[in-house]
Amino acid sequence: MSVRAVGLVGGGTMGQGIAIACGAAGLDVLLHEKTKEHAKASVDAIAESLDRDIAKWRRTESEKKAILSRVRAVDDIAGWRRARS
């Protein structure tokens, strides 16, 4: 059995870093926050962090798109199993 997805509770600074690392490794990331607004803000912050990496020549635009395509906000932890499919 191999790991294909990671569920994160909280998208603060550390959660964002974990989401980026997991997304870059090819894992699907399911991000849960208190509210949909917080979840959207976390995904936006991940995109901003990746933009900074692009500006410093650490990543490419295609890597950013690939990582962001793997990060998805979910409404409830109970739905993680359903959200993977």
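Refer to the structure presented above.
Residues numbered from 1 in each chain as written. Predicted model: local features only at pLDDT ≥ 70, side-chain atom pairs only at ≥ 80, totals over all residues. Heavy atoms only, no water.

Caption draft 1: Fine view of the overall build of the chain. In terms of regular secondary structure, the chain is built from 4 helices and 3 strands. Counting from the amino terminus, the chain carries its helices and strands in the arrangement β-α-β-α-α-β-α. The globule rule puts the C-alpha radius of gyration for 85 residues at 12 Å, and the 12 Å found for the chain is close to it. Its C-alpha atoms give the chain principal-axis dimensions of about 40 × 30 × 20 Å. (Helix = DSSP H or I, 4+ residues; strand = E, 2+ residues; numbered from the N terminus. Rg over C-alpha atoms; globule rule 2.2 N^0.38 Å.)

Caption draft 2: The pattern of salt bridges, seen in detail. Summed over the entire model, instances satisfying the criterion amount to 4 salt bridges. Ionic pairing is found between Arg 58 and Asp 53, a salt bridge with its closest N-O pair at 3.5 Å. Close ionic contact of Arg 59 with Asp 53 constitutes a salt bridge, the shortest N to O distance being 3.1 Å. (Salt bridge = Lys/Arg side-chain N within 4 Å of Asp/Glu carboxyl O.)

Caption draft 3: Main features of helix H1 (residues 13-24). With 12 residues, H1 should cover 16 Å at 1.5 Å per step; its first-to-last C-alpha distance of 17 Å lies within 8% of that length. By the burial criterion, the buried members of H1 are Gly 15, Gln 16, Ala 19, Ile 20, Cys 22 and Gly 23. Here the buried face of H1 lies against strand S1 (5-9), strand S2 (28-32), helix H2 (36-55), helix H3 (61-70) and strand S3 (71-74). In the stretch just after H1, Gly 26 is the one whose phi turns positive, near 95 degrees. (Expected span 1.5 Å × (residues − 1). Buried < 20%, exposed > 50% of the residue type's maximum accessible area, 1.4 Å probe, protein only. Contact = heavy atoms within 4.5 Å.)

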